[in-house]
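One-letter residues, chain by chain:
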Amino acid sequence: MKVVITGITGTLGEALGRACIARGDEVVGVGRKATAAPSTCSVSVANAQHSTEDAARLLDLDPDRIYLCAGQIEDAVGPGGVPLASTMEQIHRVNSLFPALLAIEAASREWSHPLDIVTVGSIADGSPSAFGPVYHASKSALHHFVTGTGPILHAANPHVRLRLYRPGVIKGPLSWAPTIRLNARGRKIRARRCRRAPEAAVVARRLLAWSDGDDWVGSDLEPLSFRFLKLLWGLAPDSYYRLQIASWRRVSKFSGSEGQGA
Ligand SMILES: NC(=O)c1ccc[n+]([C@@H]2O[C@H](COP(=O)([O-])OP(=O)(O)OC[C@H]3O[C@@H](n4cnc5c(N)ncnc54)[C@H](OP(=O)(O)O)[C@@H]3O)[C@@H](O)[C@H]2O)c1
């Protein structure tokens with residue numbers, strides 16, 4: 001099978017590349033620069049992953065399956081923890097806009113074989129949070145796009161299947177990203193979740209096994225707290241907003257005494 005993997009230099013992309021190589025797939029590893037480790041792919045390709053033209057170049061590779069593992073989270077914030085406009089644009093582009101452009105372009109082509117587009121979301125997509133607001137919004141947009149537009153694309157072009165896998169936290173630098181807005185108390189809570197996080201190789205095996213099946217949306221196990229928050233957001237959006245205000249006061253490093261000058 002010919003597989004294209006974006007984010008091949010990342011925690012999950014690398015592990016997935018290795019797992020695909022191990023089972024004999026031909027792997028094209030995609031990064032913004034062609035710097036993928038040879039153990040993770042058969043060939044390394046550079047692609048900006050910005051536009052429909054970039055998407056077309058990936059589809060020209062004629063893959064059987066594409067894993068869109070590239071993803072970004074906020075690594076810097078402005079005064080008071082406010083999102084930076086430029087980072088926000090980049091995050092939305094790589095996490096949700098580019099996957100959408102690629103899927104639309106794929107459905108407009110004639111294929112002589114099935115094409116599986118596996119987007120990588122997050123179990124955090126159902127619960128907006130003041131501690132990763134741009135990331136959550138972009139993953140939520142991706143989930144909405146896949147569920148809303150995927151059926152249309154598949155009906156228009158039965159060779160193309162747009163699917164979504166939602167990992168939970170993975171051991172690695174990205175799992176720590178929300179700490180950018182957390183105070184010491186919040187970081188302690190986060191540390192518990194990071195300590196229990198599985199290695200990327202475990203998640204990659206899970207993702208691979210899932211994508212060999214026929215389900216449209218797959219998820220790592222969602223903690224009960226995530227399920228509860230999702231319900232609350234859906235059923236009582238104003239209470240959910242108030243909960244975020246309260247959490248910001250309690251565990252943000254930008255509020256209270258810790259926030260002075262932060
Ligand atoms: N790690 C977690 O805890 C976790 C949990 C849930 C979901 N996920 C999702 O799983 C996917 C992989 O996560 P990861 O932990 O492997 O992340 P990672 O280690 O930070 O790797 C991210 C990859 O995405 C690429 N990338 C970053 N910003 C980009 C941009 N603006 N445009 C194009 N490429 C960009 C990077 O490639 P280059 O810089 O080489 O181009 C890198 O290979 C992401 O979609 C993430 O949201 C991760």
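(A) Inspection of the overall build of the protein at higher detail. Each helix and strand in the protein was counted, giving 9 helices and 7 strands. What you see for the protein is a C-alpha radius of gyration of 19 Å, in line with the 18 Å of a compact globule of 262 residues. Its C-alpha atoms give the protein principal-axis dimensions of roughly 60 × 40 × 35 Å. Looking at the protein as a whole, 35% of its 262 residues qualify as buried.

(B) Molecular detail of helix α6 (residues 200-211). For α6, built from 12 residues, the straight-helix expectation of 16 Å at 1.5 Å per residue is met to within 8% by its first-to-last C-alpha distance of 16 Å. Within α6, burial applies to Ala200, Val203, Ala204, Leu207 and Leu208. Down the axis of α6, the sector holding all buried residues measures 135°, keeping them to one side. Lining the buried residues of α6 we find α1 (11-22) and β6 (160-166).

(C) Up close: the site of the ligand. Around the ligand, 23 residues are found, and the nearest of them are Gly7, Gly10, Gly31, Arg32 and Gly71. Of all the secondary-structure elements, those providing two or more residues to the shell around the ligand are α1 and α3 (85-107). With 3 residues, α1 is the single largest residue contributor to the shell around the ligand. Here the shell around the ligand is composed, by residue class, of 9 nonpolar, 13 polar and 1 charged.

(D) Spotlight on the pairing of strand β4 (residues 65-68). Side chains Arg65 and Tyr67 of β4 all project onto a buried face; the interleaved residues Ile66 and Leu68 project onto the opposite face, where all are buried too. Sheet topology places strand β1 (residues 2-6) next to β4; 4 bridges connect them, and they run parallel. Note on β4: the bridge partner recorded for Val3 is Arg65. Pairing geometry for β4 and strand β5 (residues 115-120), over 4 bridges, is parallel. Across the sheet, Leu68 pairs through a bridge with Thr119, a residue of β5. The handedness of the β4 to β5 crossover, carried by α3, is right-handed.

(E) A look at the packing of α1 against α6. Between α1 and α6, the shortest axis-to-axis distance is 8 Å and the interhelical angle comes to 60°. Looking at the two axes, α1 sits oblique to α6. The element α1 and its partner α6 pack so that their crossing is right-handed. Taken together, the residues of α6 that come into contact with α1 (itself represented by Thr11, Leu12, Ala15, Leu16 and Ala19) are Ala200, Ala201, Val203, Ala204, Arg205, Leu207 and Leu208. Considered class by class, the residues forming the contact of α1 with α6 number 10 nonpolar, 1 polar and 1 charged.

(F) Spatial organisation of the nonpolar core. Ranked by size, the top nonpolar core spans 48 residues in total, and within it Ile5, Leu12, Leu16, Tyr67, Cys69, Ile117 and Ala204 carry the most contacts. Element by element, the count of residues in this core is highest for α3, at 7 residues. Beyond its immediate sequence surroundings of up to four residues, Cys69 is in contact with Ile5, Thr6, Gly7, Gly10, Leu12, Gly13, Leu16 and Val120.

(G) Structural context of the packing of α3 against helix α4 (residues 133-156). Running from N to C, α3 and α4 point in directions that differ by 5°, and their axes come no closer than 9 Å. The angle between α3 and α4 places the two elements in the roughly parallel class. Contact residues: Met88, Ile91, His92, Asn95, Ser96, Pro99, Ala100, Ala103 and Ala107 in α3; Val134, Tyr135, Ser138, Lys139, Ala141, Leu142, Phe145, Thr149, Leu153 and Ala156 in α4. Split by residue class, the contact of α3 with α4 holds 13 nonpolar, 5 polar and 1 charged.

(H) Structural detail: the pairing of β1. Summarising burial for β1: 4 of the 5 residues are buried, a large majority. Across 5 bridges, β1 lies against strand β2 (residues 26-31) in parallel orientation. Among the inter-strand pairings, Val4 is bridged to a residue of β2, identified as Val28. In the classification by handedness, the crossover that spans β1, the intervening α1 and the parallel β2 is right-handed.

(I) Main features of the environment of Ala130. Considering the arrangement of structural elements, one finds Ala130 in the loop between β5 and α4. Judged by C-beta crowding, with 20 C-beta atoms within 10 Å, Ala130 ranks as buried. Spatially, the C-alpha atom of Ala130 lies 8.1 Å from that of Ile245, the residues being 115 residues apart in sequence. The residues touching Ala130, leaving out its near neighbours within four places in the chain, are Gln244, Ser247, Trp248 and Ser252.

Procedures and definitions
Residues take numbers from 1 onward in each chain, read along the sequence in its written order. Note on the predicted model: pLDDT of at least 70 is required for a residue's local features to be given, and 80 or more for side-chain atom pairs to be given and counted; whole-chain, interface and lining totals, by contrast, use all residues. Per the convention used, a helix needs a DSSP run of H or I reaching at least four residues, while a strand needs a run of E reaching at least two, with both numbered from the N terminus. We take the radius of gyration over the C-alpha atoms and set the globule estimate at 2.2 Å times the residue count to the 0.38 power. Partly exposed residues are those falling between the two cut-offs: more than 12 but fewer than 20 other C-beta atoms within 10 Å of their own, whereas 20 or more means buried and 12 or fewer means exposed, with C-beta atoms placed from the backbone. By this rule the span expected of a helix is its residue count minus one, scaled by 1.5 Å. Arc definition: directions from the helix axis to the C-beta atoms. Contact between residues is assigned whenever the C-beta positions, reconstructed from backbone atoms, fall within 7 Å. Being near a molecule or strand means, for a residue, that its C-beta atom, positioned from the backbone, comes within 6 Å of it. Asp, Glu, Lys and Arg are counted as charged, while Ala, Val, Leu, Ile, Met, Phe, Trp, Tyr, Cys and Pro are counted as nonpolar; the rest, among them Gly, fall into the polar class. Criterion used throughout: strands pair if DSSP finds at least two bridges between them. Classification remark: right-handed applies to a crossover when, strands pointing away from the viewer, the course from the first strand over the helix to the second runs clockwise. For every element, the axis is a line fit to its C-alpha atoms; helices are fit only across the contacting stretch, and the angle between N-to-C directions ranges from 0 to 180 degrees. Under this scheme an angle from 65 to 115 degrees is roughly perpendicular, one under 35 degrees roughly parallel, and one over 145 degrees roughly antiparallel; angles in between are oblique. Left-handed describes a crossing in which the near helix is turned anticlockwise from the far one by less than a right angle; the clockwise case is right-handed. By definition, a nonpolar core groups buried Ala, Val, Leu, Ile, Met, Phe, Trp, Tyr and Cys residues that are joined through C-beta atoms within 7 Å.

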